[in-house]
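Understanding the architecture of this molecule
So the chains spell out like this:
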Amino acid sequence: MNPIKNVSINRGTNKDVIIFFVLEFILYISSNLAHPVTPTFFKQLELNDYMFGVAFATMAFATFLFSPFWGKVIRIISEKRVLAICAIGYSIGQYMFMTSSTELEIFIARMIGGLFSGGIFVGFLTYITYISSEQSKAKNIAILATIATLGGTVGYFLGGLIGNIDVRISFITQIIMLNIMGIFFGTILVKRKELEKIDRQNILKEINPFTAFFNIIPYLTSLLSLLFLISFLASFATTAFDQTFNYYLIDQLLFQPSYNGFIKAGVGLVSLFSTFICFKIIAKQKILSGLKVTFLCCSLSLAGVIGVDYLPIFLVIAFIYFACNAVYLPLVQNIASSFGDDRSSSIILAFYNATKSLGMIIGALVAGYIYDWNPKIPFIIACILFFICYISQRKYIKLSLNK
């Protein structure tokens, strides 16, 4: 890969790593409790169909805008404080979302939610990179992604069940849990020792979210730029499919919110199986070629989803896609984390998260607005984009070999 050399030193014990993974798991349960009831929430408010995509894109835009900002702030106040602030801040955004009744109120709530969720994503990735040894880093990053999927699965499942009783109870449960997690993050996690000192007179300039984007320029290489492009395209494809799929189940197949939770539970089990595949790829040091094959499998499985209307087969092929999709994220994150040193890694990982969020923005907008034309067009777009990722990954491998 020829990344900038990373001189990561183990700054946490095995106990610290385990505690972090437990907290991460609970956080992802909390943050996903409202997702399965959101389509029903929009239906209750009698909003247009495009809102499911626009609302998600609004949140993703704020995540995109503020991810580099949080990467900078982490180096000033540490991951544990950023995670504490962002968990509580996200709960405020979700309360505003729950009490929204107009499109404008939803946009504002989603912007606030995205602002703080971006800090959570960046904080998790930089924290596990910071406390892991060089030998355990790749494995821990794969576990990080797996726990995110499993926690999200449990959150979807519980949120769907609770939502059958009352949609707002899912929101209230989420808000309470997020505040509790904020307290835990601020008191339990390891504090980064090498913090930057900034001139208080220039603090607004230092943490300006627009200025933060330019921090990546000194570290950009052809390899890193191509990796960011791949991250963007894969995120675009994933979001276009996921957002359409969740809404498709309720709008076209008339599933209840709990069914969304059951489907997501199945996805979690499939993703757990995919984790073992991921570990084997990492253990054999075949990350680049494994990622290439994974993108091709995602594209081919989506082609199957597009061509099938019979519900049982449609769901089986969709689960095959989810299994493939669960493999690519840990591999991309491993590659991203291999760039940079202790000073630059948080900036690079934050910008990686920004490119992923940009893909989420466009993927959600495309899914929301094109859905009305034909519900399966977003599936077609996702299929094509994953094939482009496959081609791009082949190019990345050639570039890495020539460096």
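That block above? That's the structure.
Attention here is on the structure that accompanies the text. For every chain, the first residue of the written sequence is number 1, and numbering continues from 1 along that sequence. Per-residue local features of the predicted model are confined to residues with pLDDT of at least 70, and side-chain atom pairs are confined, for both listing and counting, to 80 or more; whole-chain, interface and lining totals are unaffected and use all residues. To get the side-chain values, all heavy atoms of the structure are used, and hydrogens and water are removed first.

Here we look at helix α14 (residues 345–370)
Helical segments are the DSSP runs of H or I of at least four residues, strand segments are the runs of E of at least two, and each set is numbered from the N terminus. Helix span, expected: 1.5 Å multiplied by one less than the number of residues in the helix. Over its 26 residues, α14 extends 37 Å from the first C-alpha to the last, a length consistent with the 38 Å expected when each residue adds 1.5 Å. The classification of residues rests on relative accessible area computed with a 1.4 Å probe and restricted to protein chains. Under 20% of the type maximum is buried, over 50% is exposed, and intermediate values are partly exposed. Within α14, 22 of the 26 residues are buried, which leaves it mostly tucked inside the rest of the structure.

Comments concerning the nonpolar core
Counting residues in hydrophobic clusters, the biggest one holds 102 residues, and the most contacted among them are F124, F185, F241, F245, F295, F386 and Y396. Per-element accounting of this core gives the leading share, 17 residues, to helix α10 (residues 222–251). For the purposes of this section, nonpolar cores are sets of buried Ala, Val, Leu, Ile, Met, Phe, Trp, Tyr and Cys residues that join through side-chain atoms within 4.5 Å. With 15 residues, the next largest nonpolar core counts V37, F41, F97 and I175 among its residues.

Notes on the pattern of salt bridges
By salt bridge we mean one thing: a side-chain nitrogen of Lys or Arg within 4 Å of a carboxyl oxygen of Asp or Glu. Summed over all chains, the structure comprises 2 salt bridges. Residue E79 pairs with R192 through a salt bridge whose shortest N-O separation is 2.6 Å. Linking E79 in helix α4 (residues 79–98) with R192 in the loop between α7 (167–188) and α8 (203–206), this pair joins segments that are 113 residues apart in sequence. There is no split in this pair, since E79 and R192 are both buried. E134 is the partner of K137 in a salt bridge, and the nearest nitrogen-oxygen pair spans 3.8 Å. With a gap of 3 residues between them, K137 and E134 both fall in helix α6 (residues 134–165), about one helical turn apart. Looking at K137, the relative accessible area reads 5%, which means it is buried.

Notes on unusual backbone geometry
One non-glycine residue, S78, adopts positive backbone phi at about 85°. Looking at the element boundaries, S78 is found in the loop between α3 (51–77) and α4. Looking at S78, the relative accessible area reads 0%, which means it is buried. Look at Q285: it is not a glycine, yet its phi comes out positive at around 55°. Mapped onto the fold, Q285 is located in the loop between α11 (257–283) and α12 (287–307).

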